[in-house]
Amino acid sequence: MMKILVTGGAGYIGSHTCVALMEQGYSLIIVDNFSNSKPPVLENLRKLNDNFIFYNVDVTDEEALEQIFLKHDIEGVIHFAGYKAVGESVAEPLKYYLNNVVSTMILAKVCKKYNVNKFVFSSSATVYGENKVPFKEEMELLPTTNPYGETKAMSERILMDVAKANPIFSVSILRYFNPVGAHESGLIGEDPNGIPNNLMPYITKVAKGDLEKLRVFGNDYPTPDGTGVRDYIHVMDLAEGHVAAYKHLSKGVHIYNLGTGKGTSVLELVHAFEEANGIKVPFQIVERRPGDIAVCYADASKAEKELGWKAKRNIVDMCRDAWRFESRQSR
Ligand code: WQD
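Note that the structure is predicted; figures quoted are calculated from it, not measured.

A. Molecular detail of the overall build of the chain. Check the secondary structure of the chain and you find 11 helices and 13 strands. If you line up the chain on its principal axes, its C-alpha atoms span 55 × 45 × 40 Å. Within the span of the chain, comprising 331 residues, buried residues form 55% of the whole. Taking as baseline every contact in the chain between residues at least 6 positions apart, the subset at least 24 positions apart corresponds to 78%. For the chain, the exposed area adds up to about 14,400 Å²; of that, 52% sits on carbon and sulfur atoms.

B. Summary view of the packing of aromatic side chains. Within this structure, the stated rule accounts for eight aromatic pairs. Summarising the aromatic geometry, the rings of F273 and W323 are spaced 6.1 Å apart at their centres and angled 85° between planes, so their arrangement reads as edge-to-face. Placement of F273 in helix α9 (residues 266-277) and of W323 in helix α11 (residues 315-327) is noted, with a sequence separation of 50 residues between them. Through a chain of ring-to-ring contacts, the aromatic side chains of Y128, F135 and F177 assemble into a single cluster. The positively charged end of R175 is found above the aromatic ring belonging to Y128, 4.9 Å away from the centroid. Here the guanidinium or amino end of R288 rests over the ring plane of Y221, the centre of that ring lying 4.0 Å away.

C. Molecular detail of the packing of α9 against α11. Orientation of α9 relative to α11, taken along the N-to-C sense of each, is 65°, at an axis distance of 9 Å. It follows from the interaxial angle that α9 and α11 lie roughly perpendicular. Note on packing geometry: the crossing formed by α9 with α11 is right-handed. Where α9 approaches α11, its residues L269, A272, F273, A276 and N277 are matched on the opposing element by I315, V316, C319, R320 and W323. Taken together, the residues that form the contact of α9 with α11 break down as eight nonpolar, one polar and one charged.

D. The arrangement of the nonpolar core in detail. One finds I4, L21, L28, L45 and W309 to be the most contacted residues of the largest nonpolar core, which totals 38 residues. Elements with a contribution of two residues or more to this core: β1 (3-7), α1 (12-23), β2 (27-31), α2 (40-48), β6 (170-176), α8 (235-247), β11 (252-258) and α10 (301-307). The leading source of residues in this core is α8, at eight residues. Residue contributions to this core reach at least three from each of two domains, namely domain 1 (3-180 + 232-258) and domain 2 (199-230 + 262-327). Dropping the residues within four chain positions of it, L28 is found in contact with I4, V6, C18, L21, M22, N51, F52 and I53. Core analysis: the next-biggest nonpolar cluster, separate from the first, contains 28 residues, I106, F119, F121 and F169 among them.

E. Spatial organisation of the UniProt feature "domain: NAD(P)-binding" (unreviewed entry) in the chain. As annotated by UniProt and renumbered to match this structure, "domain: NAD(P)-binding" (unreviewed entry) occupies residues 5-321. Each end of residues 5-321 is marked by a C-alpha atom, and these two atoms are 27 Å apart; helix forms 40% of the span and strand 18%.

F. Structural view of unusual backbone geometry. Cis geometry is found at the peptide bond from V133 to P134, where omega equals -5°. Secondary-structure assignment places P134 in the loop between β5 (118-124) and α6 (147-165). Here the phi dihedral of F34 falls at roughly 60°; this positive angle occurs in a residue that is not glycine. Counting through the fold element by element, F34 comes out in the loop between β2 and α2. The backbone of N115 sits at a positive phi, close to 55°, despite the residue not being glycine.

G. Expanded view of the sheet that holds strand β3 (residues 52-55). Spatially, seven strands are ordered β3-β2-β1-β4-β5-β6-β11 in an open sheet, and the strand pairing comes out parallel. A single partner strand is all that each edge strand has here, and the edge strands are β3 and β11. Recorded for the sheet is a direction-independent mean angle of 20° between the axes of neighbouring strands. Pairing geometry for β6 and β11, over seven bridges, is parallel. Within β11, the position partnered with S170 by the bridge is G252. Together, β1, β2, β3, β4 (74-79) and β6 form the strand contacts of α1, whose direction differs from that of β2 by roughly 165°. Docked against the sheet, helix α5 (residues 93-113) engages β1, β4 and β5, running at close to 170° with respect to β4.

H. Expanded view of the site of the ligand. Of all residues adjacent to the ligand, which total 18 residues, the nearest are T126, Y148, L199, R230 and D292. Contacts to the ligand include T126, whose side-chain N or O atom sits 2.6 Å from an oxygen atom. Taking D292, its side chain carries an N or O atom lying 2.6 Å from an oxygen atom of the ligand. Taken by itself the ligand offers 680 Å² of open surface, and the protein chains cover 90% of this. When its residues are assigned to classes, the shell around the ligand shows eight nonpolar, six polar and four charged.

Scoring rules and cut-offs
Residues numbered from 1 in each chain as written. Predicted model: local features only at pLDDT ≥ 70, side-chain atom pairs only at ≥ 80, totals over all residues. Heavy atoms only, no water. Helix = DSSP H or I, 4+ residues; strand = E, 2+ residues; numbered from the N terminus. Buried < 20%, exposed > 50% of the residue type's maximum accessible area, 1.4 Å probe, protein only. Contact = heavy atoms within 4.5 Å. Areas by Shrake-Rupley, 256 points an atom, 1.4 Å probe, with all protein chains shown as cover. Phe/Tyr/Trp six-rings, centres within 6.5 Å; stacked < 30°, edge-to-face > 60°. Lys NZ or Arg CZ within 6 Å of the ring centre and 35° of its normal. Axes fitted to C-alpha atoms, helices over the stretch in contact; angles between N-to-C directions. Parallel < 35°, antiparallel > 145°, perpendicular 65-115°, else oblique. Left-handed = near helix turned anticlockwise from the far one by under 90°. Nonpolar A, V, L, I, M, F, W, Y, C, P; charged D, E, K, R; others polar. Core = buried A, V, L, I, M, F, W, Y, C linked by side-chain atoms within 4.5 Å. Domains from an automatic or database assignment. UniProt positions renumbered as here; feature names shortened; annotations may be inferred. Pairing = 2+ DSSP bridges. Near = heavy atom within 4 Å. Polar contact = N/O pair within 3.5 Å; in protein donor to acceptor, adjacent residues only side chain to side chain.

Here it is as structure tokens:
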């Protein structure tokens, strides 16, 4: 039985996509080096579906990767593995370029060598830079405010060049907006190491009492309530978007926004969380965070038209599912 190789499959988006893929009957090979994930994720994943084999391998390790391609009949790959903390990428750019860009090149090289021609790439709305919202796939990419965003834009361009040189190679580039929430079982979810950078995991830790209060980074943006507006998408909708993209892979490069097309402000998300879970989330308005843009949301129509995929879970689902996972974690 041919398998799909999922790099970073023990991570937040990767593990949820593995659930969605296995639900569709795919057998998986999960590759992860636990640099931003933990082994217990795999135990919980197995409780949902155990149709996968796991290798603790760093995707930049070409030889180790080749061993996997030699041993298994791989039909295609979904490449999640990569560092994703924007702030950290500003402080440690080389760490990001050496990991995120090199891993994409190594994986594409090994795919080519073993005639694996289906490649789904995890990209980010960050690549749009200061474009006008709603972001559309055909937009010219503008410089991003951080090395993390640059690693995604560079990886996209590398994959486009590889596809141009190898017409049989088919690539689907998926640009995520703001993934939040967790699988309804509460067994897997967003579990960042240390203090969360992102809004929703910070909210859930405040709700649980692990953190004292949420700092709202600025309320003087040109938005309805002055706080930043983002396109939050349920991680299971995002996962199902990967399955749709994989199933529709065809020659050449195809780029899709995976978002809802709707913007939600920081305070709107806080209030939705409080409503959905009946928990107060204390917050304090503080200075803007450097590098943040005011508004970011998708034009999500292309994925709906070409992949037959549309996000179907709403903000309440996202808040409920995020809380269910967090409330089951030990302090
Ligand atoms: C969302 C909003 C903050 C934390 C980043 C990356 C992006 C992707 C998702 C990888 C903003 C505000 C946040 C807090 C706050 N990552 N906020 N207090 O910055 O939109 O996107 O994560 O692919 O590439 O750029 O997400 O959750 O950090 O912020 O007020 O403690 O919440 O200012 O308006 P962001 P975020």
